[in-house]
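The residues making up each chain are set out below.
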Amino acid sequence: MKSRAALSLLASAGVALATMSHASSAGAYTTRVHIVIANELRTALVASGGRTVALKLGTYTVTLSEADAKAILEQPLAFRAGAVGPDNVIFPGMTDPSHAIEQRPFEQCQVLYDMALTSEERAYAMGCFLHGSTDAIAHHYVNYMTGETFTLNPITSARGSSWSNVVRHITAESMLQKAGFTLKASNFGAGALAHAIPKGFVLRAYFDTKSPLWAIAAKHAKEKFEAAKAAKPGASLPTIIGSAGLAPAEHLVLSPLYLEEIEAGRVKLRADVEKSIKAMQDWTTTDGSKLKVTAGADGKLGTNDDKTSCSASCPTLYAKYFTYVSMLQPRKDAAGKPLPSAFDKISDELGKDLRGFSHALVQTIETVSTKLNA
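Residues numbered from 1 in each chain as written. Predicted model: local features only at pLDDT ≥ 70, side-chain atom pairs only at ≥ 80, totals over all residues. Heavy atoms only, no water.

1. Some remarks on a nonpolar patch on the surface
Now for step 1: Together, Tyr144, Met145 and Met175 line one region of the surface with nonpolar side chains, adding up to about 380 Å² of accessible area.
Now for step 2: The topology assignment puts Met175 in helix H9 (residues 164–183). (Patch = residues over 30% accessible without salt bridge, like charges linked within 9 Å, V, L, I, M, F, W, Y side chains within 5 Å. Areas by Shrake-Rupley, 256 points an atom, 1.4 Å probe, with all protein chains shown as cover. Salt bridge = Lys/Arg side-chain N within 4 Å of Asp/Glu carboxyl O. Helix = DSSP H or I, 4+ residues; strand = E, 2+ residues; numbered from the N terminus.)

Here it is as structure tokens:
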């Protein structure tokens, strides 16, 4: 973490942790608690006059840059959303792409911070640092309480498959949340937990293959995908995906790549249909020498009144040619105004759906997060 903001928030996290705990310092870590900690830090910032945060159990203070402090003060909904961002960003509860150590989680926060263009986006990125710094404390404590790190193959089951460790972690984190609620119930009110994801920022940062942040989060999943693709050259996208051994969260982090592959396939399909029509019109090809296509009354090749030298004697080839021609032939409405071809109409609708997928996913993430943190 290179930025002053990152270092400041790491230090400042101690203030919020102290305010959440009793004599034995404890803080972890349902998403609600992450939001409560963000609110406590912001309250401390306000109390100082807007630039500094006093650390507990000592005389030191942390000074934030004017832009960072302004973002936290003026954009509380985005700051709260960022504080749970790493738990949400791929989908609520699917945290490996943003948390696993080989995913360089704090570097992800730094890249997110560097990509921020507005005060709202900066506040969200600052929340990411807060999440990481508090997790660094909380998970060690929860691991101590439960006996080991979060795993589906716990030591208590001789590394066999078991939900026992998951249950212990959920129980421990719920106990800590309950302690925080008992300490100050108003921290968990609907208004205090409200948050809003800067959806355009998340789309640009996490769901765009050209984003440096996506490159980090998707690195290992992309390597699996590329290996599967190399092992099955020419295979369809579903076949490649099915053989890549990807986890659900990895599929979601790769969704921008899948969308690009489908979009490229959509463009290629039209080119392949056009190429096939031309081949069937060429008398020097095997199919073309059978069909011997000539222009009909309109004098144009590639329309429904084309003539062929065979029909019933070459039914499959004849049907293929006129089906392809009909799909690409321009249409007209009742008033005689031009319409796109049937192929383009269907293909363009698919393209529209593809372009809307990531937007719908991020909106769903925010909706689910709102429900979970109500």
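There is more to say after this.
2. Observations regarding the environment of Asp333
Now for step 1: Topologically, Asp333 is positioned in the loop between strand S3 (331–332) and strand S4 (338–339).
Now for step 2: Reaching out from Asp333, the side chain makes a polar contact with the backbone nitrogen of Ala335 at a distance of 2.9 Å. (Polar contact = N/O pair within 3.5 Å; in protein donor to acceptor, adjacent residues only side chain to side chain.)

3. Section: the side chain of Ser98
Now for step 1: Along the chain, the position of Ser98 falls in helix H6 (residues 96–99).
Now for step 2: Exposure remark for Ser98: the relative accessible area of 7% places this residue in the buried category.
Now for step 3: Separated by 3.0 Å, the side chains of Ser98 and His99 make a polar contact.
Now for step 4: Here Ser98 is in contact with Pro86, Val89, Pro105 and Gln108, once residues within four sequence places are set aside. (Buried < 20%, exposed > 50% of the residue type's maximum accessible area, 1.4 Å probe, protein only. Contact = heavy atoms within 4.5 Å.)

4. Quick notes on the confidence of the model for the chain
Now for step 1: Considering every residue of the chain, the mean pLDDT works out to 89; 92% of them sit at 70 or more.
Now for step 2: Highest mean pLDDT in the chain belongs to helix H11 (residues 199–206) (98); lowest belongs to helix H1 (residues 4–20) (43).
Now for step 3: Counting contacts from residues 1–28, a segment whose pLDDT is below 50, to residues more than four positions away or on other chains yields 75 contacts. (pLDDT = per-residue confidence, 0-100.)

5. Remarks on the state of the cysteines
Should the sulfur atoms of two cysteines be covalently bonded, the bond is a disulfide.
Now for step 1: In total, this model carries two disulfides according to the counting rule given.
Now for step 2: Cys109 shares a disulfide with Cys128; S-S distance 2.1 Å. Here the disulfide of Cys109 and Cys128 is left-handed, its torsion about the S-S bond being about -70°. Taken together, the positions of Cys109 in helix H7 (residues 105–115) and Cys128 in helix H8 (residues 119–146) put the pair 19 residues apart, joining distant regions of the chain. Cys128 shares its class with Cys109; the two are buried.
Now for step 3: Each sulfur of the disulfide joining Cys310 and Cys314 lies 1.9 Å from the other. Across the disulfide from Cys310 to Cys314, rotation about the S-S bond amounts to roughly 95°, and the bridge is consequently right-handed.
Now for step 4: A residue is classified by how much of its surface remains accessible, and Cys310, at 9% relative accessible area, is buried.
Now for step 5: Note on Cys314: relative accessible area 9%, which makes it buried.
Now for step 6: Within the chain, bonded cysteines paired by disulfides and numbered along the sequence follow the pattern 1-2, 3-4. (Disulfide = S-S within 2.5 Å.)

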